[in-house]
Amino acid sequence: MQLVVGRIGRAHGIRGDVSVEVRTDEPELRLGPGAVLLTDPAAIGPLTVETGRVHSGRLLLRFAGVKDRTAAEALRGTMLIAEVDPDETPEDPDEYYDHQLIGLDVVLADGTPVGELTEVLHLPYQDLLTVQRPDGTEVLIPFVEQIVPTIDLDEQRVVIAPPPGLIDSADAVVAPSREDAGAEAAAETGVETGPGDGAEAGPGAGSGAGGGSGSGTGSDQNGGGA
C-alpha cells in the first residue's frame, strides 16, 4: 500500500536541503533518516532521507545525492510516497491511514445516509474528507472531531455532525443584513427609523451628529484612540 507522506517545497540554503509539507501523522517514522521514498513523478525517485531537522516550524530534509541548491530546487513539487503494509495501523487509536477511510459509508448521527468517503485531502490548514453523495455530487467535510465525532471501522462507517448548510446549502443559516439588524435593534429599543438617514428617537435617547441616532454608550465613546 502506498501513502503520500509529504510534498517537497522550496530549497533551503546552499547544501541541498528542502522544505517539506508533511502529510503524515508519523513524520519521524515515514520521513526520518534512512527512509526510502518513492516519488511522483516516479522518475525523480526513489529518494533516501539523509538528514532531517525542524527550522522555524518547517521540516527540512536532505536527500542522498542532492548536494546543492540547484539540485534541491529541481525537486520542488515532488510528492513523497511511502510503502506501508496494508495491515499496519497507526499507534494512536484516534489516527487513521487514508486507505482505512476510503470506501466507508458516511451517515448522520441518526443514521441518515450521506454518501461514500472517496478521498482524504491533506491541505496545509486542515484535512478534508471528500464524500460522494448518491446523486453524484461531492461535499467536503472538515476532518475535525467536532464534525467527525465517530469512525467505526468495524461497522465500516463514519458518523458526522455537520453544521447547518455544510451538506445542504438550503439549510444554511443566513446572517441578517445590516438594514435588517438595524430595524430589529430599533424595534427592541423603541427607536423608529424612517426612509431617510435620520431617526426619530424615543424618550431618553439623544440624536447623534449627521442625522444618525445615538445613545449614551455609542462606539465612539471609547475613551482613547484606536
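Bear in mind the structure is a predicted one, so any value in this text is a computation, not a measurement.

Undergrad: Mind laying out the overall build of the chain, listing which residues take part and the relevant values?
TA: Helices and strands together make up the secondary structure of the chain, namely 4 helices and 16 strands. Each of the 226 residues in the chain was classed as buried or not, and the buried ones make up 27%. Within the chain, residue pairs in contact and separated by at least 24 positions form 44% of the contacts whose partners lie at least 6 positions apart. Summing over all exposed atoms, the chain offers an accessible surface of approximately 14,200 Å²; the carbon and sulfur share of this is 49%.

Undergrad: For the nonpolar core, give the residues involved together with the corresponding values.
TA: I8, V20, L31, L37, L61, F63 and L80 are the most contacted members of the largest nonpolar core, which has 21 residues in total. Where this core is concerned, the elements lending two or more residues are β1 (2-12), β2 (17-22), β4 (47-55), β5 (58-63) and β6 (79-83). Counting 16 residues, the second largest nonpolar core, distinct from the first, contains V120, V139, I147 and I167.

Undergrad: Give me the sheet that holds strand β12 (residues 157-160): which residues, what numbers.
TA: Spatial strand order, β10-β9-β8-β7-β12-β11: 6 strands in an open sheet with mixed pairing. Every other strand in the sheet has two partners, leaving β10 (138-142) and β11 (150-152) as the edge strands with one partner each. Adjacent strand axes in the sheet meet at a mean angle of 35°, parallel and antiparallel pairs treated alike. In the sheet, strand β7 (residues 105-108) pairs with strand β8 (residues 113-122) via 3 bridges, with the strands oriented antiparallel. From the neighbouring strand, V106 faces β8, where its bridge partner is G115.

Calculation notes
- Residues numbered from 1 in each chain as written.
- Predicted model: local features only at pLDDT ≥ 70, side-chain atom pairs only at ≥ 80, totals over all residues.
- Heavy atoms only, no water.
- Helix = DSSP H or I, 4+ residues; strand = E, 2+ residues; numbered from the N terminus.
- Buried < 20%, exposed > 50% of the residue type's maximum accessible area, 1.4 Å probe, protein only.
- Contact = heavy atoms within 4.5 Å.
- Areas by Shrake-Rupley, 256 points an atom, 1.4 Å probe, with all protein chains shown as cover.
- Core = buried A, V, L, I, M, F, W, Y, C linked by side-chain atoms within 4.5 Å.
- Pairing = 2+ DSSP bridges.
- Axes fitted to C-alpha atoms, helices over the stretch in contact; angles between N-to-C directions.

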